[in-house]
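Now for the letters of each chain:
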Amino acid sequence: MNRFILVALSLVTLSLTACKWTDFDDLSDQAWAHSQDKPSIGSTDYGVSIVGASTSGDGGLVSVVSTDAPTYSTISYDAKGGSKTGDTVLKLGQHYIVSLSEKPILVTDGAGNVALVEKAIDAGKIAVVSGPASAPADLAFAGSPPQAATYAGSTLIIAAQAAAANAPNLFVVDGANPVGNCIATEPDGTTPLAAAAIAADTQNLWVWSTTGDVFAYDLTAVKACTATLAAVAGTSFSPMTAFAPGTGARIHIVGDAAGAAEFAILAGHADKATNGEVVVLDLKHAGGPMQISTLAADGLLSSTVATFDSSMYLVLGYPTKTVKNVAAGEVDILDLDPTTGTLGDTPSETLFDAQPENGEVFGRDVTTMAFNGHTVLVVAASNEVFSYYRTSLYPTDTRNPAP
Amino acid sequence: MNSRVLLAIGIAIAALARPALADDDTLKKAQASFDQAQNDYLAGKFDEAAKEFQDAYAARPFPQFLYNVGAAFHMKGKKSSDVESYGKAVEFYKKYLSEEPNAADKAKVEKAIGVLEAEIKRLKDVPAGAGSGSGSGAPQGPSQEVQSLGEVKVRGLVVIESEPQGATIYLDDTKKGAFATTPWSGSLEGEHKIMLEKKGYRPVDTTLIADPQKLVLYKGGMSQDSYLSWLDVTSNVAGADVFIDDKSVAPRKAPAGTNVPPGKHTVWVSAEGYDEYQTTIDVAPGQNASVKAMLKGSPLGRLDVVGLGIEDSHIMLDGKELCDHGPCIKNVPEGDHTLTVTRPGYKSYTKRITIQQKQETSVKMIQTPSPGRGDAVVAYVLTAVFAGGGIFAGMQASDLHDQLKKEIAAGMPPPDSNDPRFLHGKIYAISADAAFTLAGITALTAIWYTFRDKGPPTRAQIDARAIALQPEVGSTYAGLGMEVHW
């Protein structure tokens, strides 16, 4: 038999039976979600806290705080959806932070700046790593352990547990400099502020206290913050469930076109696994804040408010929730009516890892990122950060070009 | 006219007028005397045996009877050291050779004559009374030379006759050609088929068992058949194969004559090295017809295929069987030929050889066993394993591809880019490709192993040597002599 014919037949057979393994690369590029694995930055637990740090332009940027050992890094996304670890990787041990709390405080001003607020290695000091996400600077100043932080414009406001009576518990940092501190009291006028979460609108600094009460301080007074600070009268509200928020509690302010607060969304849990709750308050109610709706949210650890394709949603992370019989965690996205403050009864979309693994803690933090001019959802899990370039809520692929 | 002349004429007339029945009587008388003589001979009554053999000879003068008379006197002389008996033995041995000058045992008989004549001389030279217990060394028995001749046995005889005489005798098979013409007498051994044919007579045949110590008679009575025709086939090549109407039967040897039914007959005459001759002849009832086949031949050389294991080999020349098995010695037309030698379990041998006129081409085969195919089997098994693995991995890759594609299209929830199934699918696909590649390689290897010729080929040593044929004539023979030079 002619050997040439044999070879030709074999090659034809091979070509007919061969599998194109590059198809999986092509298919992977078409996946709606992109996963960034833990880079080699010296931390064993990557993505404890994340926050979107990009504002406009092509691609996107997310700040990531990891632990063991503590590091700060970024994920830089290109317009096509590819990602890499940013050039700046801070070993936080060299920036006053030797250990991180269970839920590190990582906030953004929405203009490209981020701030990581932690107890400093030096006793009686607060450590802040803040500034442009790609090149933040460190700062440490006298203060008690921080409990919550938020940006009010470019001003970073930090609520801390008072070390003693009449000790400062509210700190104001402008850029790289602490500009003031004051002694804030709760609405009773005597109890030192103990904040589980804080958030600011254009007029007030809203507080969700560790006892479950909601009240506000005048923002101008907060920024001045030189002596004592009392809550604004008529802003106090105690949720009917007397819910006491713990780790991961957040207060989200939904404002009007002018930035004035209309609704407050309280999301948190009393302990790690149970007693989670979401409460929506109408802040403009004539008689003071009024509870509009509540939602049981056991296991809730993270939350954010996002606007996808002009629709507003509340994103809730449940990192211990069981998915496909595996305690891998999931993220629920609920409709949020910005006019009435009403939450959807059931999630508009539920996200989880298509291949869930036990202990994956999918949704231990959630945030949004400006990506190619769109807002996309970013979810942190154990040693993975998922970026959703497309969901059923924003079905047009945000990648440029779309795969 | 005297009375002696009248008696001779009377005997001659009686002989000429003797009917066939008289022949039968003489034959029976000869057989009866022979049988009696044989019995006497075995009983040691050598004088009686000699007389009965002479009576048999008187009835039918077969030379073998004379030999038997000599044998009887020979044995009597040996037993009694009787000079007179030895003398008679010599006398009848000589008569035998006189009537059968080309006897096959001529040398042996001549030797016996010499020994006996020496013995007679030796006995005559012994003084009288020396043999009666004087103890002086006189001969007490036959000499050492006589002893060495051994016990002499009388000889049987086969007699084949026909009525009428003159029929052609075929022995065992017509393809051997004519054996003799009746009447015939001589020695045969074992069982034979005797066939008699004569022009205008129906052929007859019988089976005859020849006893070397008995007189065996066969006389075929042939009846006339005016309807049969007679066909004679002759050829310029003696011994050529003659086929009449049917080429599947054993051929006769030219010249051949046989009865045939009236009508058209096809005759083929062929001989090795000659072109086949064919003709059709129309024979009328009761008539004689003849075919003279002039064969045209081409010059011949001889091909001799030998070697170890050639007995199990099949030899083909130009695609046609030359020998069913070796050793194979055949005359082959000169020119180029393709020789093919095959043997089960051994590599076949094919060679273009040139046969030259009057030359013997000797091909000594050195055959090599065919290689085993175990390595090919292993390669086929590996091919199957790799192909099976490739199919499995390919199916897994395909399933994962379809699954991921479906989930991506559904988007609830969408798999992420680092979903392990992408990696698994890629690994499966690469594994499938690798397995298919290996399967292809091993398949090619297996095919190559199947058809490759491993080990040395079967080869042959080819020698050509001249054959010189020349006529030779001697005192008692004529023929062709051959010299071989190489």
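For the structure, see preceding data.
Structure report, in brief. (Residues numbered from 1 in each chain as written. Chains lettered and ligands numbered in written order. Predicted model: local features only at pLDDT ≥ 70, side-chain atom pairs only at ≥ 80, totals over all residues. Heavy atoms only, no water.)

Considering the nonpolar core
Keep this limit in mind: Within this scheme, the nonpolar core is defined by two criteria: the residues are buried Ala, Val, Leu, Ile, Met, Phe, Trp, Tyr or Cys, and they are joined through side-chain atoms within 4.5 Å. Partly exposed residues are those whose accessible area sits between 20% and 50% of the maximum for their type, while under 20% is buried and over 50% is exposed, using a 1.4 Å probe and protein chains only. Helix and strand definitions here come from DSSP, where helices need a minimum of 4 consecutive H or I residues and strands a minimum of 2 consecutive E residues; each element is numbered from the N-terminal end. Contact criterion: two residues are considered in contact whenever any of their non-hydrogen atoms come within 4.5 Å of each other.
Counting 42 residues, the largest nonpolar core has Tyr41, Phe65 and Tyr93 of chain B as its most contacted members. For this core, the elements supplying multiple residues, two or more each, are helix 2 (20-42), helix 3 (46-59), helix 4 (63-80), helix 5 (83-99), helix 6 (106-124) and strand 1 (157-163) of chain B. Among the elements that make up this core, the one with the highest residue count is helix 4 of chain B (8 residues). Ignoring sequence-local partners within four residues, the contact set of Tyr93 of chain B consists of Tyr67, Gly70, Ala71, His74, Val109, Ala112, Ile113, Leu116 and Val152 of chain B. Residues Tyr46, Ile50, Ala306 and Ala381 of chain A belong to the second largest nonpolar core, which totals 31 residues.

A closer look at the sheet that holds strand 3 (residues 178-181) of chain B
Residue and element names in this part refer to chain B. The test is simple: Whether two strands pair comes down to DSSP finding at least two bridges between them. Simply put, an axis is a line fit to the C-alpha atoms, just over the touching stretch for a helix, and the angle between two N-to-C directions goes from 0 to 180 degrees.
Taken in spatial order, the 4 strands of this open sheet run 3-2-5-6, and their pairing is antiparallel. With one partner strand each, in any of the chains shown, strand 3 and strand 6 (201-210) form the two edges of the open sheet. Between one strand and the next, the sheet's axes are offset by a mean angle of 30°, whatever the strand orientation. Sheet topology places strand 2 (residues 168-171) next to strand 5 (residues 190-198); 4 bridges connect them, and they run antiparallel. Paired with Ile169 across the bridge in strand 5 is Leu196.

Let's talk about the packing of aromatic side chains
Using the following cut-off: Only the six-membered ring of Trp is used, alongside the rings of Phe and Tyr, when aromatic pairs are assigned; centres must lie within 6.5 Å, and planes under 30 degrees apart are stacked while those over 60 apart are edge-to-face, with the rest tilted. A positively charged side chain is recorded as over a ring if its NZ (Lys) or CZ (Arg) lies within 6 Å of the ring centre. The angle to the ring normal must also be within 35 degrees.
Under the definition given, this model contains 16 aromatic pairs over all chains. Ring centres of Tyr67 of chain B and Tyr93 of chain B lie 5.4 Å apart, and the angle between their planes is 35°; this geometry places the pair in the tilted category. Taken as a pair, Tyr67 of chain B in helix 4 and Tyr93 of chain B in helix 5 lie far apart in primary sequence, 26 residues in all. Ring geometry for Tyr67 of chain B versus Tyr96 of chain B: centroids 5.4 Å apart, planes at 65°, classification edge-to-face. On the criterion of sequence distance, the pair formed by Tyr67 of chain B in helix 4 and Tyr96 of chain B in helix 5 is long-range, its members being 29 residues apart. Among the residues examined, Tyr67 of chain B registers a relative accessible area of 8% and is labelled buried. An aromatic cluster of at least three residues, connected via ring pairs, comprises Phe34, Phe53, Phe62 and Phe65 of chain B. The positively charged end of Lys321 of chain A is found above the aromatic ring belonging to Tyr318 of chain A, 4.4 Å away from the centroid. Positioned above the aromatic ring of Tyr170 of chain B, the side-chain terminus of Arg252 of chain B is 5.7 Å from the ring centre.

Topic: the sheet that holds strand 8 (residues 229-235) of chain B
Residues and elements named next belong to chain B. On the basis of which strands lie adjacent, the open sheet formed by 3 strands has the order 11-8-14 and mixed pairing. Both edges of this open sheet fall to strand 11 (256-260) and strand 14 (288-293), since each of them pairs with a single strand only. For this sheet, the mean inter-axis angle between neighbouring strands, taken without regard to orientation, is 20°.

Thoughts on the state of the cysteines
All names here are of chain A. Applied cut-off: A pair of cysteine sulfur atoms is labelled a disulfide when the two atoms are within 2.5 Å.
Under the criterion given, the structure shown has 2 disulfides over all chains. Disulfide pairing is shown between Cys182 and Cys225; the S-S distance is 1.8 Å. Across the disulfide from Cys182 to Cys225, rotation about the S-S bond amounts to roughly -90°, and the bridge is consequently left-handed. Residue Cys182 is located in strand 14 (residues 177-184), and its partner Cys225 is located in the loop between helix 3 (219-224) and strand 18 (228-229); the two are separated by 43 residues in the primary sequence. The residues Cys182 and Cys225 share a single accessibility class, namely buried.

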